[in-house]
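Letter by letter, the chains look like this.
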Amino acid sequence: MEALIKIENLCVKYEEKVALDGIDLIINEGEKIGIIGPNGAGKSTLLLAIKGLIKFTGKISFPGIRRSDVGLVFQNPDIQLFMPTVFDDVAFGPINQNLTETEVKVRVKESLEKVGLSGFEKRPPHHLSEGEKKKVAIATVLSMKPSVYLFDEPTTGLDPLSKYEITKILCSIDRTMLIATHDLELISKVTDRTIILNDGKLMAEGYTQDILTNKELLARNKLYPLEQLLKCR
Ligand SMILES: Nc1ncnc2c1ncn2[C@@H]1O[C@H](COP(=O)(O)OP(=O)(O)O)[C@@H](O)[C@H]1O
Ligand SMILES: [Mg+2]
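Now for a quick tour of the structure. Per chain, the residues get numbers from 1 upward, laid out in the order the sequence is written. To read the labels, note that chains go from A and ligands from 1, taken in the order they are written. Residue-level local features of this predicted model are given only where pLDDT is at least 70; pairs of side-chain atoms are given and counted only at 80 or more, and the full residue set underlies all totals for whole chains, interfaces and linings.

**Examining the pairing of strand β6 (residues 148-152)**
Counting other C-beta atoms within 10 Å of a residue's own tells you its class, since 20 or more makes it buried, 12 or fewer makes it exposed, and anything in between is partly exposed; those C-beta atoms are placed from the backbone. For helices the rule is a DSSP run of H or I covering at least 4 residues; for strands it is a run of E covering at least 2, with both sets numbered from the N terminus onward. When you tally the buried positions in β6, you get five out of five residues, the bulk of the element. Neither face of β6 is exposed, since Val148, Leu150 and Asp152 on one face and Tyr149 and Phe151 on the opposite face are all buried. In this description, strands pair whenever DSSP reports at least two bridges between them. Sheet topology places β6 next to strand β7 (residues 176-180); five bridges connect them, and they run parallel. If you follow tyrosine 149 over to β7, its bridge partner there is methionine 177. With helix α6 (residues 160-172) bridging β6 and its parallel neighbour β7, the resulting β-α-β unit is right-handed. A crossover gets the label right-handed when its path from the first strand over the helix to the second runs clockwise, viewed with the strands pointing away from the viewer.

What follows is the structure in structure tokens.
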């Protein structure tokens, strides 16, 4: 497997708070990796550092790709959606990639189809439901066809149907991805590998199935065991 992203001794400090403390991680092509951990563990910080949006020490290299080939879907869609219409938001990335008008239109059409929102082109994003906003935010990244997707809490705060739909969308994306989430059901369905972050440290790394069935490990990291969720598989 080819490494797409290599993280070595990554440390992030916000004023006095150490948010990430010596993280080492290799992300190989095609891997779908879950990042779990309690609130404040450093999950979002890890994604922001990979995307290059915050200051860090240590090294993040991209042997097989460019950093611009990494697409981040923010936890809060209101940060991602800033144009007057859904079309403009989803077209924004492809336009910046200097695609032709026809190509941009195709990208927007395909991306909205993929998230189940064909026909939403003229709607103002700020009037959509939370679930719809999350889906449009995903479409704004899909339309750029990145090599690696970073999802920050893609299902958090959504009703069961929206969670189900977004889980399906993530399942259907055949690309390397990292998913930071509290939603253990989501990572059990979508990811092969999972890491646990706690207080800025990488506490465990392994097959998702092994991590999610290790009650003692989960409890130690303020994550609760999950029998009832594992039954859903
Ligand atoms: N902009 C910021 N300024 C100061 N502290 C921050 C900032 N962003 C995050 N933190 C702190 O860094 C730690 C990790 O935060 P975060 O990466 O958001 O965790 P998670 O996504 O796992 O909930 C937390 O203690 C949080 O309060
Ligand atoms: Mg977070």
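After that view of the structure, there is still more to cover.
**Looking at the site of ligand 1**
We call a residue near a molecule or strand when the C-beta position, derived from backbone atoms, sits within 6 Å of it. Taken together, Tyr14, Glu15, Lys17, Ala19, Gly37, Asn39, Gly40, Ala41, Gly42, Lys43, Ser44 and Thr45 make up the full set of residues adjacent to ligand 1. Those elements that provide at least two residues to the shell around ligand 1 are β2 (17-28) and α1 (43-51). Among the elements that line the shell around ligand 1, the one with the most residues is α1, at three residues. Ten residues, namely Ala, Val, Leu, Ile, Met, Phe, Trp, Tyr, Cys and Pro, are considered nonpolar, four, namely Asp, Glu, Lys and Arg, are considered charged, and the remaining ones, Gly among them, are considered polar. Partitioned by chemical class, the residues of the shell around ligand 1 number three nonpolar, six polar and three charged.

**A short note on the sheet that holds β2**
Strand order across the open sheet formed by three strands is β2-β1-β4, with antiparallel pairing between neighbours. If you trace the sheet from one side to the other, it starts and ends with β2 and β4 (57-61), each paired once. If you compare each strand with its neighbour and ignore which way they point, the axes differ by 10° on average. By the bridge criterion, four bridges tie strand β1 (residues 3-14) to β4 in an arrangement that is antiparallel. Bridging from a neighbouring strand, glutamate 8 pairs with lysine 59 of β4. Fitted lines through C-alpha atoms serve as axes, helices being fitted only where they are in contact, and the angles separating the N-to-C directions of these axes extend from 0 to 180 degrees.

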